[in-house]
There are 2 protein chains.
Amino acid sequence: MKIGIIGIGLIGGSLARDLKKVYAEAYITGIDTSEAHLETALKLGIIDAKGDESSLKDAEIIILSIPVDAAVNVLPGILDTVQDEALIIDAGSTKTLICATVKTHPKRRNFLACHPIAGTEFSGPSAAIEGLFEGKTNIICEVEKTAFKLQEKALEIFQKLGMRIRYMNPEAHDKHIAYVSHLSHISSFMLGKTVIEKEKNERDIFDMAGSGFESTVRLAKSSPAMWTPIFDQNKENVIETLEEYIQNLESFKQKLKEDDLEGLYKDMQDTNKIKEILKGIPLNKL
Amino acid sequence: MKIGIIGIGLIGGSLARDLKKVYAEAYITGIDTSEAHLETALKLGIIDAKGDESSLKDAEIIILSIPVDAAVNVLPGILDTVQDEALIIDAGSTKTLICATVKTHPKRRNFLACHPIAGTEFSGPSAAIEGLFEGKTNIICEVEKTAFKLQEKALEIFQKLGMRIRYMNPEAHDKHIAYVSHLSHISSFMLGKTVIEKEKNERDIFDMAGSGFESTVRLAKSSPAMWTPIFDQNKENVIETLEEYIQNLESFKQKLKEDDLEGLYKDMQDTNKIKEILKGIPLNKL
């Protein structure tokens, strides 16, 4: 089974590791703009060889795990060159633009639009781990536009990797993911920025930071090269979430200014239901 | 060694567990406004008996680990009743008001103002764990106002529990802790609120939430009873941090609106240095 992976980072590299484990016959070639990443991936045994246009032509499965701006740029050209039975899967955090980009492509049926929710704040092939996708949600968009045999092939892979599948249209995906993922990243980045700016002359102040701060700014370690195009492609939804978030913060500040302690208490108490939500209990049942 | 613990929650209960481990002769009485918490603490062996005013009179060491509004209310009365050699340690996340409250108390020298940075989003005696304070920072304020022998006694305890000690004046403590702790809690609570409000009719949407969202809203599970008085007592500092945070979020939104992708990239890249900061490398050396 010839597999081509474009972008040997956390997601592409982890997929490569899992595919090698579940398909003994997998032969994986890797393409990456970073020669250093390719060398690391080779040394770690994540890929079998460096890939090129000809290895993509031969590939039965192609994984596209690069920043979403690059993905949109290269996907049409990849579809042009692949064999008729090839399956191309992407892994981007935005789905509307990429689906629109290949909407009328003659080989649209070779592409499956996916978003495996498995990222962390780390990046690069050395961050790739086996089993990353076990129990994680994989959102598939416009499944009906992919050839039935290729859907089957993809689902077999996802099942072997232990993923839970959810189907959604690209617009709904981008709207909801703005709340449960993109906004978290901005809130974390701006928290880190605020604290760093304030404490830049206070070397030791971070000794005061506990595990709570560490957890809340964890996402501020994420890659700007990955996140800038995500925010750009999901601009309208992200701006809407930001406006609501800022309004809630303003309202909290106002209550504090006015000594409305009951109001603050209630805000926090109402939000405590996140405990149950994160345990997977549907919100409406609370 | 008779020890009285007022407030058998995460901090008080964990202290009780550690004190029992390092002082075989420790006899711990517990006081709590929640009868259920007291029963749990007894059943778990965290305390030896329920306490009362007379057990506080007998105690050699008293730990005050209750919400900061209650702590300020009860501390003067406790100081009134304790024996001359008793050491009273608090554990509150604000230090200015409590230090001011007992400033002129005849038994001020029996009190040591502390803030062990060891809290989590959990609360109550069942959240108490052994070893919680190992490697954690304990901030001591106005150490010079505590009797020398009692400072020594407290330091011996903190050392046995594995804590790192830092000395700071109450105003500096409250100012800096607003950035590295209080703001994180508000950013997390308001993130949770924003997402819950938006997705209240979408039962399944939280399937889309990954570990990033979970990490960023972790602190929104925290106790409103504990946090409302903290924000109240540290109102001015907290409002200042909130204003700076909101301004950074507004600026991010504006850059996104204006398609200033370079500006967004730079903001995130600059904030990535949080990686090194969290590793403990002083910011100014970067």
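Residues numbered from 1 in each chain as written. Chains lettered and ligands numbered in written order. Predicted model: local features only at pLDDT ≥ 70, side-chain atom pairs only at ≥ 80, totals over all residues.

Notes on helix 4 (residues 68-81) of chain B
Residue and element names in this part refer to chain B. A rise of 1.5 Å per residue sets the reference length of helix 4, with its 14 residues, at 20 Å; its end C-alpha atoms lie 20 Å apart and thus fit the reference within 8%. The sharpest bend along helix 4 reaches about 40° and sits at Val74, with the proline Pro76 one to four residues further on. Turning to helix 4, its buried residues are Val68, Ala71, Val72, Leu75 and Ile78. Where the residues of helix 4 are buried, they touch helix 3 (53-58), strand 4 (61-64), strand 5 (87-90), helix 5 (96-101) and helix 9 (224-233). (Helix = DSSP H or I, 4+ residues; strand = E, 2+ residues; numbered from the N terminus. Expected span 1.5 Å × (residues − 1). Bend = angle between axes of the 7 residues up to and from the residue. Buried ≥ 20, exposed ≤ 12 C-beta atoms within 10 Å, placed from the backbone. Contact = placed C-beta atoms within 7 Å.)

A look at the relation of the copies chain B and chain A
Superposition of the two copies of the chain requires a rotation about an axis together with a shift along that axis. Placing chain B over chain A gives an RMSD of 0.0 Å and needs a rotation angle of 180°, together with 0.0 Å of translation along the axis. The transformation just described matches what one would write down for a two-fold rotation axis. In terms of C-alpha distance to the rotation axis, chain B has Thr216 of chain B as its closest residue, with the C-alpha 2.3 Å off the axis. (Least-squares fit on C-alpha atoms with pLDDT ≥ 70 in both.)

Things to note about the domain arrangement of chain A
Residues and elements named next belong to chain A. Per the domain assignment, the segments of chain A are domain 1 (2-169) and domain 2 (172-285). Once you take the C-alpha centre of each, domain 1 and domain 2 turn out to be 30 Å apart. Contributions of two or more residues to the side of domain 1 that touches domain 2 are made by helix 4 (68-81), helix 5 (96-101) and strand 7 (137-141). Among the residues making up the side of domain 1 that touches domain 2, the classes are represented as six nonpolar, six polar and three charged. (Domains from an automatic or database assignment. Nonpolar A, V, L, I, M, F, W, Y, C, P; charged D, E, K, R; others polar.)

Remarks on the nonpolar core
Of all hydrophobic cores here, the largest spans 170 residues; its most connected members are Ile62 and Leu64 of chain A together with Ile62 and Leu64 of chain B. Apart from the residues lying within four places of it in its own chain, the contact partners of Ile62 of chain A are Gly4, Ile6, Leu56, Ile78, Val82, Ala86 and Ile88 of chain A. (Core = buried A, V, L, I, M, F, W, Y, C linked by C-beta atoms within 7 Å.)

A closer look at the packing of helix 7 (residues 170-198) of chain A against helix 10 (residues 235-257) of chain B
Contact geometry of helix 7 of chain A with helix 10 of chain B gives a least axis separation of 9 Å together with a crossing angle of 125°. In terms of orientation, helix 7 of chain A lies oblique with respect to helix 10 of chain B. When you trace helix 7 of chain A past helix 10 of chain B, the crossing you get is right-handed. Contacts between helix 7 of chain A and helix 10 of chain B involve Ile186, Met190, Leu191, Lys193, Thr194 and Lys198 of chain A on the former and, on the latter, Thr241, Glu244, Tyr245, Asn248, Leu249 and Phe252 of chain B. Among the residues forming the contact of helix 7 of chain A with helix 10 of chain B, the class breakdown is six nonpolar, three polar and three charged. (Axes fitted to C-alpha atoms, helices over the stretch in contact; angles between N-to-C directions. Parallel < 35°, antiparallel > 145°, perpendicular 65-115°, else oblique. Left-handed = near helix turned anticlockwise from the far one by under 90°.)

Re the interface of chain B and chain A
Every contact between the two is made by 84 residues of chain B and, on the other side, 84 residues of chain A. Those elements that provide at least two residues to the side of chain B that touches chain A are strand 7 (137-141), helix 7 (170-198), helix 8 (211-216), helix 9, helix 10, helix 11 (261-271) and helix 12 (274-278) of chain B. Per-element tally for the side of chain B that touches chain A: the top contributor is helix 7 of chain B, with 20 residues.

Observations regarding the sheet that holds strand 1 (residues 2-6) of chain B
Strands belonging to one sheet form pairs held by backbone hydrogen bonds; the direction of such a pair is parallel or antiparallel. Residue and element names in this part refer to chain B. The sheet built from eight strands is open, its strands ordered 3-2-1-4-5-6-7-8 with mixed pairing. One side of each edge strand has no neighbouring strand; the edge strands of this open sheet are strand 3 (49-50) and strand 8 (164-168). Note: strand 7 against strand 8, five bridges, orientation parallel. Bridging across to strand 8, Ile140 finds its partner in Tyr167. (Pairing = 2+ DSSP bridges.)

A short note on the packing of helix 10 (residues 235-257) of chain A against helix 10 of chain B
Contact pair helix 10 of chain A / helix 10 of chain B: the axes reach a minimum separation of 10 Å and the direction vectors enclose 165°. Of the possible angle classes, the one that applies to helix 10 of chain A and helix 10 of chain B is roughly antiparallel. Between helix 10 of chain A and helix 10 of chain B lies a crossing of left-handed hand. Contacts between helix 10 of chain A and helix 10 of chain B involve Lys235, Val238, Ile239, Leu242, Tyr245, Ile246, Leu249, Glu250, Lys253, Leu256 and Lys257 of chain A from the first element and Lys235, Val238, Ile239, Leu242, Tyr245, Ile246, Leu249, Glu250, Lys253, Leu256 and Lys257 of chain B from the second. Classifying every residue of the contact of helix 10 of chain A with helix 10 of chain B by side-chain character gives 14 nonpolar, no polar and eight charged.

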